Amino acid sequence: MRILKTVLATLVISLGVVIATASGIIYSGVYNVAATSEHWPITRWVLNKTVHRSIERQAAGIEPPARDAEQQLLVGAANFEAMCSDCHAPPRQRPSVAARGLYPKPPGLTHAAHEKSASEIFWVIKHGIKASGMPAWGPTHSDDEIWAMTAFVTQLPDLSAADYQHMLASAQAHGIGHDHAHDSDAHEHGAQAQPDTHDNAEPPETRHDDGDTPHDHAAHDTHAHG
Ligand code: HEC
């Protein structure tokens, strides 16, 4: 009985110490939230493992649909340029200045194309990753569009910078842009249920609607040495 009491008392005191320490860290402001202050290796390992296992589990059971490959890739390329290239470097290019300042850094997606299944990539694009900067595109985009971006991402290891520019040019020639992608998907889906989605679009989307904006080139090229 005495042992049980001692064990209980030790547990309660330990818990108190843990709570007091945690409160101390939270309220004192000593924890540095700067994006330039990297996680400890152990924290990084825990976060990476948690994200990785969560994606694997959440994506289990998602079946990629069969698609008209070429059209889908062009839609994917145009959407990648419009929505992803601010953070994930386009094929064989340096990441944008914004991407270089983010923490965690948005990875180049060639690695994901090798390591992740199409279902996992689809899941990440649709749902995003909490507290990381990776947005969820599901709330504003149809599954068809997200599968098109998934198809494009899975092709990344085989694409040169010239291939990519070529795809963007043919997308444009075929009238496949970010907005047009919505129109062209509507017939398959019958489901561009919120035609006004773009009125609420995020600034990066609207900015990119102008097509080849000087901004992109500035971000990827001119400031590359900054
Ligand atoms: C605002 C920046 C930002 C934008 C825009 C963005 N991402 Fe991400 N993305 C990230 C970050 C940061 C991560 C890494 C998250 C982590 O490691 O926890 C990430 C991770 C990913 C991953 C997982 C990569 C891996 O190796 O595990 C995929 C796939 C991905 N993004 C695809 C996309 C696609 C496709 C788009 C465009 C529709 C996009 N992202 C737009 C920031 C962004």
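Residues numbered from 1 in each chain as written. Predicted model: local features only at pLDDT ≥ 70, side-chain atom pairs only at ≥ 80, totals over all residues. Heavy atoms only, no water.

J.: Where do I start with helix H1 (residues 2-28) in this structure?
T.: It helps to recall that an α-helix has 3.6 residues per turn; residues three or four apart then point in one direction. With 27 residues, H1 should reach 39 Å at 1.5 Å per residue; the first-to-last C-alpha distance of 38 Å fits that figure. The first or second residue beyond H1 is Gly29, which carries a positive phi of 80°. (Helix = DSSP H or I, 4+ residues; strand = E, 2+ residues; numbered from the N terminus. Expected span 1.5 Å × (residues − 1).)

J.: How should I be thinking about a nonpolar patch on the surface in this particular structure?
T.: Taken together, Met1, Ile3, Leu4, Val7, Leu8 and Leu11 make up a surface patch of nonpolar side chains, about 680 Å² in accessible area. Residue position: Leu8 is located in helix H1. (Patch = residues over 30% accessible without salt bridge, like charges linked within 9 Å, V, L, I, M, F, W, Y side chains within 5 Å. Areas by Shrake-Rupley, 256 points an atom, 1.4 Å probe, with all protein chains shown as cover. Salt bridge = Lys/Arg side-chain N within 4 Å of Asp/Glu carboxyl O.)

J.: Teacher, can you tell me more about helix H2 (residues 41-59) here?
T.: Between its first and last C-alpha atoms H2 spans 27 Å; for 19 residues at 1.5 Å apiece the expected length is 27 Å, and the two agree. The first or second residue beyond H2 is Gly61, which carries a positive phi of 95°.

J.: I'm lost on the nonpolar core in this one. Help?
T.: One recurring pattern in soluble globular proteins: nonpolar side chains tend to sit buried together. Ranked by size, the top nonpolar core spans 34 residues in total, and within it Phe152 and Met167 carry the most contacts. Looking at this core, the elements that each hand over two or more residues are H2, helix H3 (69-83), helix H5 (109-115), helix H6 (118-127), helix H7 (143-155) and helix H8 (161-173). It is H3 that contributes the most residues to this core, eight residues altogether. Aside from chain neighbours lying at most four places away, what touches Met167 is Leu73, Leu74, Ala77, Phe152 and Leu159. (Core = buried A, V, L, I, M, F, W, Y, C linked by side-chain atoms within 4.5 Å. Buried < 20%, exposed > 50% of the residue type's maximum accessible area, 1.4 Å probe, protein only. Contact = heavy atoms within 4.5 Å.)

J.: What is the right way to read the side chain of Glu145 from this model?
T.: Structurally, Glu145 is set in helix H7. For the buried residue Glu145, which engages in no salt bridge, the nearest side chain bearing the opposite charge is Lys126, 11 Å off. A polar contact of 2.9 Å, which involves the side chain of Glu145, links it to the backbone nitrogen of Ser142. (Lys, Arg positive; Asp, Glu negative; His and termini not counted. Polar contact = N/O pair within 3.5 Å; in protein donor to acceptor, adjacent residues only side chain to side chain.)

J.: Just checking my understanding: could you explain the coordination of the iron atom of the ligand for this structure?
T.: Each donor-metal-donor angle would ideally measure 109.5 degrees in four-coordinate tetrahedral geometry, or 90 or 180 degrees in six-coordinate octahedral geometry. Only His88 (NE2) and Met134 (SD) from the protein coordinate the iron atom of the ligand, and they sit 2.0 to 2.2 Å from it. Taken together, the six donor atoms coordinating the iron atom of the ligand span angles of 89 to 179° at the metal, a pattern that classifies the geometry as octahedral. Of this pair, His88 sits in the loop between H3 and helix H4 (97-101) while Met134 sits in the loop between H6 and H7, and the two are 46 residues apart along the sequence. (Donors = N, O, S within 2.8 Å, 3.2 Å for Na, K, Ca; no water. Tetrahedral: all angles 85-135°; square planar, octahedral: opposite > 155°, others 65-115°.)

J.: I would appreciate a short explanation of the environment of Gln71 in the present structure.
T.: As for its placement among the helices and strands, Gln71 is situated in helix H3. For the pair Gln71 and Ala171, spaced 100 residues apart in sequence, the C-alpha separation works out to 8.5 Å.

J.: Got a minute to help me understand the confidence of the model for the chain in this structure?
T.: Confidence in the prediction for the chain averages 83 pLDDT; 78% of positions are at 70 or higher. When the criterion is pLDDT under 50, residues 180-226 qualifies, and its contacts beyond four places in sequence or with other chains add up to 64 contacts. (pLDDT = per-residue confidence, 0-100.)

J.: What's the story with the site of the ligand in this structure? I'm lost.
T.: As a structural note, the neighbourhood of the ligand is formed by 20 residues, with Cys84, Cys87, His88, Ser132 and Met134 the closest of them. Here an oxygen atom of the ligand sits 3.2 Å away from a polar atom, N or O, in the side chain of Lys116. Its residues placed into classes, the shell around the ligand shows 16 nonpolar, three polar and one charged. (Near = heavy atom within 4 Å. Nonpolar A, V, L, I, M, F, W, Y, C, P; charged D, E, K, R; others polar.)

J.: When you look at unusual backbone geometry in this model, what are you seeing that I'm missing?
T.: Among all residues except glycine, the phi angle is most often negative; among peptide bonds, the trans geometry is most common. Cis peptide bonds are those with omega within 30 degrees of zero, and the linkage from Tyr103 to Pro104 qualifies with 0°. With respect to the secondary-structure elements, Pro104 resides in the loop between H4 and H5. At Arg92, a position not held by glycine, the phi torsion is positive, near 60°. As for its position among the elements, Arg92 is in the loop between H3 and H4. Backbone geometry at Ala131 places phi at a positive 50°, although glycine is not the residue there. With respect to the helices, strands and loops of the structure, Ala131 is situated in the loop between H6 and H7.

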